[in-house]
Amino acid sequence: MDRPELFIVHWLHVFLAIYWFGAILFSRVSLFPALRRLGPESLEEVRGAMKAGHGTKITYTAAIGTVTLGWVRGFIDGALDDLGSLYGQLYLTAGILGILMVVYLVGPLYDRPVLNIMYVWAFPVMFTMMVMMRFAGLFGW
Ligand code: HEM
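Residues numbered from 1 in each chain as written. Predicted model: local features only at pLDDT ≥ 70, side-chain atom pairs only at ≥ 80, totals over all residues. Heavy atoms only, no water.

K.L.:
How do you make sense of the coordination of the iron atom of the ligand when you look at a structure like this?
P.N.:
Ideal geometry at a metal centre: 109.5 degrees between donors when four sit tetrahedrally, and 90 or 180 degrees when six sit octahedrally. Of the protein atoms, only H13 (NE2) and M130 (SD) coordinate the iron atom of the ligand, at distances of 2.0 to 2.2 Å. Of note is the iron atom of the ligand, whose 6 donor atoms meet at the metal with angles of 84 to 178 degrees in an arrangement that counts as octahedral. With H13 in helix α1 (residues 4-38) and M130 in helix α5 (residues 113-134), this pair connects stretches of sequence that are 117 residues apart. Here H13 falls in the buried class, since its relative accessible area comes to 13%. A relative accessible area of 29% means that M130 is categorised as partly exposed. (Donors = N, O, S within 2.8 Å, 3.2 Å for Na, K, Ca; no water. Tetrahedral: all angles 85-135°; square planar, octahedral: opposite > 155°, others 65-115°. Helix = DSSP H or I, 4+ residues; strand = E, 2+ residues; numbered from the N terminus. Buried < 20%, exposed > 50% of the residue type's maximum accessible area, 1.4 Å probe, protein only.)

K.L.:
For this particular structure, what's the right way to read the site of the ligand?
P.N.:
As a matter of local geometry, the ligand sits amid 22 residues, with H13, Y87, Y91, M130 and R134 nearest to it. In this structure, an oxygen atom belonging to the ligand sits 2.5 Å away from a side-chain N or O atom of Y87. Elements with a minimum of two residues in the shell around the ligand: α1, α3 (55-75), α4 (86-106) and α5. For the shell around the ligand, a count of residues per class yields 13 nonpolar, 7 polar and 2 charged. (Near = heavy atom within 4 Å. Polar contact = N/O pair within 3.5 Å; in protein donor to acceptor, adjacent residues only side chain to side chain. Nonpolar A, V, L, I, M, F, W, Y, C, P; charged D, E, K, R; others polar.)

K.L.:
Looking at this structure, how should I read unusual backbone geometry?
P.N.:
With a phi close to 80 degrees, D111 is a non-glycine residue in the positive phi region. Tracing the backbone shows D111 in the loop between α4 and α5.

K.L.:
Looking at this model, I keep getting lost on the packing of α1 against α3. Mind explaining?
P.N.:
The axes of two packed helices give the description: the angle between them and the distance between them. It is the contact of α1 with α3, at a shortest axis distance of 8 Å, that shows an interaxial angle of 140 degrees. Relative to α3, the element α1 lies oblique. Note that α1 runs across α3; the crossing there is left-handed. For the pair α1 and α3, the contacting residues are L6, V9, H10, L12, H13, L16, A17, Y19 and W20 in the first and G55, I58, T59, A62, A63, G65, T66, V67, L69, G70, V72 and R73 in the second. (Axes fitted to C-alpha atoms, helices over the stretch in contact; angles between N-to-C directions. Parallel < 35°, antiparallel > 145°, perpendicular 65-115°, else oblique. Left-handed = near helix turned anticlockwise from the far one by under 90°. Contact = heavy atoms within 4.5 Å.)

K.L.:
Mind showing me how you'd approach the pattern of salt bridges here?
P.N.:
A side chain with one charge can pair with a side chain of the opposite charge if their charged atoms come near. With the rule as written, the count across this model stands at 4 salt bridges. The residue D111 makes a salt bridge to R47 at a minimum N-O spacing of 3.2 Å. Of the two residues, D111 is situated in the loop between α4 and α5 and R47 in helix α2 (residues 40-52); the sequence distance between them amounts to 64 residues. Each of R3, E5, R73 and D77 takes part in one network of salt bridges that share partners. (Salt bridge = Lys/Arg side-chain N within 4 Å of Asp/Glu carboxyl O.)

Right under this line is the structure:
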């Protein structure tokens, strides 16, 4: 294999991203609606227990790891040398958005209503940008 370091960083980035995005999808699509049906106290109680458990630290690690390795993935592949291209623009935008998502997740503004909606919707946007990067050549820019 030509560039094993690129393969390893890419693998780890996508693996951590799957965990982070997967946790959002599962909690928002299945878990929270089910708990809400049991009553608002159930939702708050379980969310409180989840926050206090070690799952939160794993999610922080996955989030920070995803964003850091995303930056590294692009950096070692020369994305910063071509910021005028669609690939470079997507890389920079995703990099900044990723940092904002982590700052929101670990910071004091976590769970503010409007920010929370923006945070959740940032995931499909981010995912789309990732796939667009993969196929950047097809967009003819
Ligand atoms: C919610 C956050 C993120 C998710 C869910 C995510 C997910 C993914 C996925 C699934 C891929 C593989 C895409 C494909 O091969 O079609 C990928 C690739 C990539 N990601 Fe991310 N990512 C996230 C954040 C970031 C951030 C913050 C950066 C930093 C700029 C980044 C940089 C990259 C790069 C450079 C690639 C390789 C694109 C290529 O050349 O094919 N990612 N990401």
